[in-house]
Amino acid sequence: MNRSTSTYLDLVRLLAALVVVLTHLAYPRFTGGRLLALRTYGNDAVMVFFVLSGYVIAYTVATRDGDLRTYAVNRLARLYSVALPAVLLTFAFDEIGRRLDPALYEGFWYQAGDPLGRMLAALSFTNELWFRSVRLFTNGPYWSLGYEFWYYALFGAAWFFEGRRRLLLVAGIAAIIGPKILLLLPVWLLGVAAYRRNARGPAGAGPGLLLFGGSIGLYVAFRAFGLRDALLEWTYDLLGRQFVRSELMWSDEFLSAQVIGVLVACNFVGFFALSERLAPLVARGERVIRDWAGYTFSIYLFHYPLLQLLAAALPIPPESPAAAPLLFVLTVLGCRLLGTFTEQRKDLARACVRRLFPVAP
């Protein structure tokens, strides 16, 4: 992976995280409903993360994680460096926030029954197995870790084992996680496919321009012509609205997810083909992009409970024009501050994981 492609992926990661923040800021209890048009873009942003995740994991196993132990340690360190603080901070922020403004926590977005069970499900990444969906208090975005962890496990089983052991492990993991998580696995694997295509060398300027520009244009058309809504309605007709909404939960837009996954994968292949030509342009923002990209995981996992707390603490009505910019800036800056003690300490988390799981290579 060359420098400009790496920087571009960082930019995409950062923008996706900020889009997720905006989609939650759009709730009427925060901004009075003025940003509601943004609500439907959250799933698209998470699918970008899934493709990015598959791409990066394929890159790391090909270049750095040469054995199962290294792979497992690095994945667990990456997850727990932010997941553990997210669980503890979500609980703390929610306890403070609901004392400041109890009414703000009365809704589907705050689920607090069996708090210890919720935290254990989150930390064991069993929160989304089969048709189960255990929300971590206000932290709705945490759901995706209950998918990502198992994609790491499936990929590790397929990559580091062979023959019958590989088949048994992959089948066993698939049986544990169930159909809901498997529905979005192809999106994650598209990231793997994009990396493997790029590892063979750039596609060429012509195909690269077509893939890069075409993927953006097709995404704009996909949204403009209402195809996302049409696919969701078709899913309701096929499987039943109640089943899709209550059982598939975060996988309800699995058909749109495949489309988004293909477009994102094509975009990455296209950019890589043009990366040498675009390198001077990318280099201009490289320092800022890389700096902020180092906090994207923190922005993603901390923003919702922090946003909820800020809304409870600040004396600004949702209808105020100042509500959206103030909450957005304070939330993002707060996540960055928290990230200096979590995401930026991955080496410490890695050392702790090595001591906890001293498995021989």
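Residues numbered from 1 in each chain as written. Predicted model: local features only at pLDDT ≥ 70, side-chain atom pairs only at ≥ 80, totals over all residues. Heavy atoms only, no water.

### Side note on the nonpolar core
- Of all hydrophobic cores here, the largest spans 94 residues; its most connected members are Met-47, Phe-50, Tyr-142, Leu-184, Phe-268 and Leu-301.
- With sequence-adjacent residues up to four places away left out, Met-47 is seen in contact with Trp-143, Leu-184, Val-187, Ala-257 and Ile-260. (Core = buried A, V, L, I, M, F, W, Y, C linked by side-chain atoms within 4.5 Å. Buried < 20%, exposed > 50% of the residue type's maximum accessible area, 1.4 Å probe, protein only. Contact = heavy atoms within 4.5 Å.)

### Some details on the side chain of Ser-251
- For Ser-251, the location among the structural elements is in the loop between helix 12 (241-248) and helix 13 (254-284).
- By relative accessible area, which is 0% here, Ser-251 ends up buried.
- Excluding anything up to four places from it in sequence, Ser-251 contacts Tyr-147, Lys-180, Leu-183 and Leu-184. (Helix = DSSP H or I, 4+ residues; strand = E, 2+ residues; numbered from the N terminus.)

### Overview of helix 1 (residues 3-25)
- Along its 23 residues, helix 1 runs 33 Å from first to last C-alpha, staying within 8% of the 33 Å computed at 1.5 Å per residue.
- A large share of helix 1 lies buried, amounting to 17 of its 23 residues. (Expected span 1.5 Å × (residues − 1).)

### Things to note about the pattern of salt bridges
- In this structure the tally under the stated criterion is 13 salt bridges.
- Ionic pairing is found between Glu-95 and Arg-98, a salt bridge with its closest N-O pair at 3.1 Å. With Glu-95 and Arg-98 both in helix 4 (residues 68-100) and three residues apart, the pair spans about one turn of that helix.
- For Glu-95, the salt bridge identified is with Arg-99, shortest N-O distance 2.9 Å. Taken together, the residues Glu-95 and Arg-99, both in helix 4 and four residues apart, mark about one turn of the helix.
- The class for Arg-99 is exposed, based on a relative accessible area of 59%.
- Shared partners join several salt bridges into a network, and the residues in it are Arg-3, Asp-10, Arg-13, Glu-286 and Arg-290. (Salt bridge = Lys/Arg side-chain N within 4 Å of Asp/Glu carboxyl O.)

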